[in-house]
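Breakdown of the fold
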Amino acid sequence: MGKIPLFIKALVKLFITHLALFFVVRLVFVISNLVLIKGVELPKGLILQIFWLGLRFDTTVLCYVFILPFLFLFIDEVFKTNLLYKPSVIYLKIILSLALFISCADIPYYIQFQKHLSKEAFVWINQGTLSLKLIISDFSYWGYILLGIPLMYVSLKSVTYFLKKDIIFYTDKKYSIIFFLLGALFLFVGMRGRLSGKTPIHNGLAYISDNMLINQTGLNANFTLLKTFLDNHERK
């Protein structure tokens, strides 16, 4: 285990921490929408399947987030420098905090519209529609958004705690390259969301029931938001 570069150990701990934070948001999402499955008989094991799907979508989102600092810190490790350390820390603090905020803001959005955040939300913000004003004016919804504050605090603290400057320890270059390739493989598979040669992970994989809430619970709001922008770009 001593051969594993410290920056990889730090990123793994940070990755797991944020999987846990996304789990908290998903738990709040389910509790906030229990009324939608009231009286519905859920097959045995379905709840576990929902959270397993959630773990897969969360992993995909985090793999996209971590690919850049993973590459930067590997370059620092190999070339024995700290030039890319600070940009990596700043990047992670901003992007991870933003991802958690989006996940929290998605909860009141879903309660109001019965769908996850998409590019339509930004269109409505620009147009100032009544529905969006209802969300903003309803203080009961603000609690979900404020939930992002402690989660983002934990996120920022975890980045500072795990990514200390001494994580660039200059491990034997041979081991650095080996673990870099293993890490790159994990991130590649994680971004695809599946091991098979089929299409990468997509919204349709979350549809495992006739109940809309169950089908939507496994999705990550950051994934659905980015997907709508990418799909719109491809159609242009």
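Here's a quick rundown of the structure.

So, how was this worked out
Residues numbered from 1 in each chain as written. Predicted model: local features only at pLDDT ≥ 70, side-chain atom pairs only at ≥ 80, totals over all residues. Heavy atoms only, no water. Helix = DSSP H or I, 4+ residues; strand = E, 2+ residues; numbered from the N terminus. Buried < 20%, exposed > 50% of the residue type's maximum accessible area, 1.4 Å probe, protein only. Axes fitted to C-alpha atoms, helices over the stretch in contact; angles between N-to-C directions. Parallel < 35°, antiparallel > 145°, perpendicular 65-115°, else oblique. Contact = heavy atoms within 4.5 Å. Nonpolar A, V, L, I, M, F, W, Y, C, P; charged D, E, K, R; others polar. 1 Å grid on protein atoms, 1.4 Å probe; cavity = no way out; pocket = protein on both sides within 12 Å on 5 of 7 lines; lining within 4 Å. Points joined across faces, edges and corners; volume = space filled by probe spheres on them. Expected span 1.5 Å × (residues − 1). Core = buried A, V, L, I, M, F, W, Y, C linked by side-chain atoms within 4.5 Å. Patch = residues over 30% accessible without salt bridge, like charges linked within 9 Å, V, L, I, M, F, W, Y side chains within 5 Å. Areas by Shrake-Rupley, 256 points an atom, 1.4 Å probe, with all protein chains shown as cover. Salt bridge = Lys/Arg side-chain N within 4 Å of Asp/Glu carboxyl O.

1. Section: the side chain of Ser97
Mapped onto the fold, Ser97 is located in helix α3 (residues 85–113). Taking the relative accessible area as the measure of exposure, Ser97 reaches 10% and is therefore buried.

2. Brief notes about the packing of helix α1 (residues 6–32) against α3
Direction vectors running N to C along α1 and α3 enclose 10°, while the axes themselves pass 9 Å from each other. Relative to α3, the element α1 lies roughly parallel. Together, Leu11, Leu14, His18, Leu21, Phe22, Val25, Val28, Phe29 and Ser32 of α1 and Leu92, Leu96, Ala99, Leu100, Ser103, Cys104, Asp106, Ile107, Tyr110 and Ile111 of α3 make up the contact between the two elements. In terms of residue class, the contact of α1 with α3 is built from 15 nonpolar, 3 polar and 1 charged.

3. Side note on empty space enclosed by the protein
Per the stated rule, a full pass over the model turns up 1 cavity of 30 Å³ or more. Lining the largest cavity are 14 residues, with Val25, Arg26, Asp106, Leu219 and Ala221 sitting closest to its centre. At 4 residues, the largest contribution of residues to the lining of the largest cavity is made by α1. Residues of the lining of the largest cavity, tallied by class, amount to 6 nonpolar, 5 polar and 3 charged.

4. Observations regarding the environment of Leu163
Tracing the chain through its elements places Leu163 in the loop between α7 (148–162) and α8 (173–192). Each C-alpha atom of the pair Leu163 and Lys9 lies 9.6 Å from the other, and the pair is 154 residues apart in sequence. Contacts of Leu163, omitting those with residues within four sequence positions, involve Ala10, Leu11, Leu14, Leu73, Tyr85, Val89, Leu92 and Ser158.

5. So, α8
Its 20 residues place the ends of α8 28 Å apart at the C-alpha level, agreeing with the 28 Å of an ideal helix rising 1.5 Å per residue. Within α8, burial applies to Ser176, Phe180, Gly183, Leu187, Gly190, Met191 and Arg192. Buried positions along α8 lie against α1 and α2 (46–79). At the C-terminal side of α8, Gly193 shows a positive phi close to 80°.

6. Quick look at the nonpolar core
With 49 residues, the main nonpolar core has Phe7, Leu11, Phe66, Leu92, Leu96 and Leu163 as its most contacted residues. Counting only elements with at least two residues in this core, the list comes to α1, α2, α3, α7, α8 and α9 (212–217).

7. What to know about unusual backbone geometry
If you check the backbone angles, Lys80 has positive phi at about 55° while not being a glycine. The exposure class assigned to Lys80 is exposed, which follows from its relative accessible area of 57%. Despite not being glycine, Gln114 shows a phi value in the positive range, around 60°.

8. What to know about a nonpolar patch on the surface
Judged by side-chain polarity, Phe23, Val24, Leu27, Ile31 and Leu34 come together as a nonpolar surface patch covering roughly 420 Å² of accessible area. Looking at where Leu34 falls in the secondary structure, it is placed in the loop between α1 and α2. With a relative accessible area of 41%, Leu34 lands in the partly exposed category.

9. So, the packing of α1 against α7
Closest axis-to-axis distance for the α1/α7 pair is 10 Å, and the angle between their directions is 170°. As summarised for this structure, α1 and α7 are arranged roughly antiparallel, according to the angle between their axes. Contacts from Ala10, Lys13, Leu14, Thr17, His18, Leu21, Val24 and Val25 of α1 reach α7 at Leu151, Val154, Ser155, Ser158, Val159 and Phe162. By residue class, the composition of the contact of α1 with α7 is 9 nonpolar, 4 polar and 1 charged.

10. Focus on the environment of Ile201
Its place among the elements puts Ile201 in the loop between α8 and α9. Assessed through its relative accessible area of 6%, Ile201 is described here as buried. For the pair Ile201 and Gly190, spaced 11 residues apart in sequence, the C-alpha separation works out to 9.3 Å. Once residues lying within four places of it in the same chain are set aside, the contact partners of Ile201 are Arg56, Phe57, Thr60, Met191, Arg192, Gly193, Arg194 and Phe223.

Scope: geometric values only; no functional claims are made or implied.
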